[in-house]
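Inside the fold
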Protein chains: 2
Amino acid sequence: MTERVDSEWADQTRIVRDGGTVGQDSRFSVELFAGWSVGGGINGGYLLSIIGRAAAETLPEHPDPFVVSAHYLSASTAGPAQLRTRVLRTGGSTATVRIELSQGGILRVAATATSGRLAGLDREVATTAQELELAPRDQCLSTDFAPPELQEIAPLMSRFEMLFDPSCVGWAMGRPSGRGELKAWFRLEEQPSPLSLLLALDALPPVTFDLGRPGWAPTIELTAHVRALPAPGWLKIGQRTRNVAGGMFEEDCEVWDSAGRLVAQARQLAVLPR
Amino acid sequence: MTERVDSEWADQTRIVRDGGTVGQDSRFSVELFAGWSVGGGINGGYLLSIIGRAAAETLPEHPDPFVVSAHYLSASTAGPAQLRTRVLRTGGSTATVRIELSQGGILRVAATATSGRLAGLDREVATTAQELELAPRDQCLSTDFAPPELQEIAPLMSRFEMLFDPSCVGWAMGRPSGRGELKAWFRLEEQPSPLSLLLALDALPPVTFDLGRPGWAPTIELTAHVRALPAPGWLKIGQRTRNVAGGMFEEDCEVWDSAGRLVAQARQLAVLPR
């Protein structure tokens, strides 16, 4: 009998350092798991958490990505991928590193992270944002009830628990609210961490589902802010869009932890489904 | 008598290509003008418009930055600066380029832009955001009335016209609203362009002025979205923050053109003034 050491997510975002560090450059290998596929590629949040891990391994004194910006250049596929990192600045309470994720010489994601140590930050919180309101979990709709054809297109739905608030789940029954808003409870097998927050920031379906425009919405660029160490327990995730135009839309995401703190935010620019 | 060819802003963001293109890399020189100083450095929006220009010169088929992410690593100073660009992907309707701005070998800004051609985008606009409400310009407070000591700290105020809405100008009289919101009319000498929108997205004072925390708020990272060619005339700029915590704050900015279109958005993570 083998003991299960890591959670599925930890196991599937594991990176392996290739050889020694050359100057301030490092190289890592990773296996992108098919279970994180959605539509035509691998989920961007999953890739972002792998990128965050490469940043953390490159900057051991600065383990937490405060802000990661990532340009998605081509759709990743299941299988091996390569990571190259380069330290751009270090020495203070924050450091900046560039991370590139490629497959077979084709660049998939070009990212930059500025990182530090969340535990060492000033404890003052003067957030004016209102905590996301979600119905109790037993009144929410689980992705477990998604039709089999959707689960086949988006196997990532089986990687976590996601419970949609009933106020914005009409799209699942062909009655999108038109407001451009999605919100849900979210939980991985393991307790939330700064790196898994990067996943949570791009785990929900595109907010365009709620505008009656279902379909794959490839991310052009996503910038994530991780602002605090998340408390254990369920996360609340909210997404909305306000500027749908020119065949693109912006999507803002916020993640609240079980202690009622706004722990992470993201904004992405994505391609509007046709 | 010499004819004035360029506006001040166009003149002060001019970049000069150094030598030929090496592979897909280009190098440019630029002179950072002291007139764009604010607090301890050169204004980040001014730097971003220079970075946008380097992206445009590197990608002539993709002149408009749809999204630029920029990590600010150290404070820029007036004087010469060097730009290096590297094309990361090209060939489709968008292309991605990395841009680094340095001074004397010290990296100031590490940016990445994904660009295309705004004029060629789908004409559909389904924006749900409400247009920023501003008082008529003759009821707003011009930066021309700022006290001389502030103008000395922030000479960039003389580079453009900025008229603050009376609802959020209390900070100038020591009575900040506490809402964390600033909004103003904005105009450069020349008509707005995609590259000058990059300036507009970081031209207002830090939104923390309206929280009773005046002072310099260095940007850690800023991501800008340029979504449409701006119409001629005055721009409306609004900024707000919702998450002040851990010695940092996020600042969201939106820019509306004279035709009532949301033409640009930005979010930045910045250091909270002490």
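Above: the structure in question.
Procedures and definitions
- Residues numbered from 1 in each chain as written.
- Chains lettered and ligands numbered in written order.
- Predicted model: local features only at pLDDT ≥ 70, side-chain atom pairs only at ≥ 80, totals over all residues.
- Heavy atoms only, no water.
- Helix = DSSP H or I, 4+ residues; strand = E, 2+ residues; numbered from the N terminus.
- Rg over C-alpha atoms; globule rule 2.2 N^0.38 Å.
- Buried < 20%, exposed > 50% of the residue type's maximum accessible area, 1.4 Å probe, protein only.
- Contact = heavy atoms within 4.5 Å.
- Pairing = 2+ DSSP bridges.
- Buried area = accessible area lost by both parts, 1.4 Å probe.
- Salt bridge = Lys/Arg side-chain N within 4 Å of Asp/Glu carboxyl O.
- Polar contact = N/O pair within 3.5 Å; in protein donor to acceptor, adjacent residues only side chain to side chain.
- Nonpolar A, V, L, I, M, F, W, Y, C, P; charged D, E, K, R; others polar.
- Patch = residues over 30% accessible without salt bridge, like charges linked within 9 Å, V, L, I, M, F, W, Y side chains within 5 Å.
- Areas by Shrake-Rupley, 256 points an atom, 1.4 Å probe, with all protein chains shown as cover.
- Least-squares fit on C-alpha atoms with pLDDT ≥ 70 in both.
- Disulfide = S-S within 2.5 Å.
- Expected span 1.5 Å × (residues − 1).
- Phe/Tyr/Trp six-rings, centres within 6.5 Å; stacked < 30°, edge-to-face > 60°.
- Lys NZ or Arg CZ within 6 Å of the ring centre and 35° of its normal.

1. Things to note about the overall build of chain A
Counting its secondary structure elements, chain A contains 4 helices and 16 strands. Its C-alpha radius of gyration of 18 Å places chain A within 12% of the 19 Å reference for a compact globule of 274 residues. Within the span of chain A, comprising 274 residues, buried residues form 59% of the whole. Partitioning the intrachain contacts of chain A with sequence separation of at least 6 by distance along the chain shows that 69% fall at a separation of at least 24.

2. Here we look at the pairing of strand S13 (residues 235-240) of chain B
Residue and element names in this part refer to chain B. Across the 6 residues of S13, 5 count as buried, placing the element largely inside the fold. Across 6 bridges, strand S11 (residues 181-187) lies against S13 in antiparallel orientation. Residue pairing across strands places Lys-183 opposite Gly-238, the latter belonging to S13. Here S13 pairs with strand S15 (residues 248-256) via 5 bridges, running antiparallel. Following the sheet pairing, Lys-236 is matched in S15 by Trp-256.

3. Observations regarding the interface of chain A and chain B
Each side of the interface is counted separately: chain A has 50 residues, and chain B has 50 residues. Taking both sides of the interface into account, the surface hidden between chain A and chain B amounts to around 4,400 Å²; carbon and sulfur atoms contribute 48%. Three residues, Arg227(A), Arg242(A) and Arg267(A), lead the burial of chain A against chain B; their summed loss comes to 17% of the area buried on that side. Applying the counting rule to chain A against chain B returns 8 salt bridges. Its salt-bridge partner being Glu124(B), residue Arg213(A) comes within 2.5 Å of it at the nearest N-O pair. Summed over the shared surface of chain A and chain B, the number is 44 residue pairs in polar contact (both at pLDDT 80 or more). Sort the elements by how many residues they give to the side of chain A that touches chain B and strand S16 (residues 262-271) of chain A lands first, with 6 residues. Partitioned by chemical class, the residues of the side of chain A that touches chain B number 20 nonpolar, 15 polar and 15 charged.

4. Here we look at a nonpolar patch on the surface
A contiguous nonpolar surface patch, about 320 Å² in accessible area, is contributed by Leu141(A), Phe145(A) and Met173(A). Topologically, Phe145(A) is positioned in the loop between strand S9 (141-142) and helix H3 (148-153).

5. Considering the pairing of strand S10 (residues 161-164) of chain B
Residues and elements named next belong to chain B. In this structure, strand S9 (residues 141-142) lies alongside S10, joined through 2 bridges in antiparallel fashion. Its bridge partner lying in S10, Ser-142 is registered against Leu-163. With 4 bridges joining them, S10 and S11 adopt antiparallel strand pairing. Counterpart to Met-162 in the pairing with S11 is Phe-186.

6. Quick notes on the relation of the copies chain A and chain B
Take chain A, turn it by 180 degrees, move it 0.0 Å along the axis, and it overlays chain B with an RMSD of 0.0 Å. Seen this way, the second copy is the image of the first under a two-fold rotation axis. By C-alpha distance to the rotation axis, the residue of chain A lying nearest is Ser69(A), at 3.2 Å. Mapped onto chain B, 100% of the interface residues of chain A again fall at the interface, so both copies present the same surface.

7. Let's talk about the state of the cysteines
Under the definition given, this model contains 0 disulfides over all chains. Free of any disulfide, Cys140(B) has its nearest cysteine sulfur in Cys168(B), 8.6 Å distant.

8. What about helix H2 (residues 44-58) of chain A?
All names here are of chain A. The terminal C-alpha atoms of H2 lie 21 Å apart, and with 15 residues this matches the ideal 21 Å at 1.5 Å per residue to within 8%. Among the 15 residues of H2, 14 are classified as buried, and the element is accordingly described as predominantly covered. N-cap assignment for H2: the residue whose side-chain oxygen lies 3.0 Å from the backbone N of Gly-45 is Asn-43.

9. Regarding the environment of Pro273(A)
Residues and elements named next belong to chain A. Within the element layout of this structure, Pro-273 appears in the segment after S16. Residue classification places Pro-273 among the buried residues on the basis of a relative accessible area of 5%. The sequence separation of Pro-273 and Val-169 amounts to 104 residues, and the corresponding C-alpha distance is 18 Å. When near neighbours in sequence (up to four residues on either side) are disregarded, Pro-273 contacts Thr-208, Arg-213, Pro-214, Gly-215, Trp-216, Ala-217 and Phe-249.

10. Some remarks on the packing of aromatic side chains
The geometry of an aromatic ring pair is captured by two quantities: the separation of the ring centres and the angle between the planes. Taken as a whole and assessed by the stated rule, the structure comprises 12 aromatic pairs over all chains. Both rings, one in Phe160(A) and one in Phe186(A), keep their centres 5.0 Å apart while their planes meet at 50 degrees; by these two values the pair is tilted. With Phe160(A) in the loop between H3 and strand S10 (161-164) and Phe186(A) in strand S11 (residues 181-187), the pair connects residues that are 26 residues apart, well separated along the chain. Ring pairs connect the aromatic residues Trp36(A), Tyr46(A), Phe160(A) and Phe186(A), which therefore count as one cluster. Between the NZ or CZ atom of Arg53(A) and the centre of the ring of Trp9(A), over which it lies, the distance is 4.9 Å. Positioned above the aromatic ring of Trp185(B), the side-chain terminus of Arg137(B) is 4.7 Å from the ring centre.

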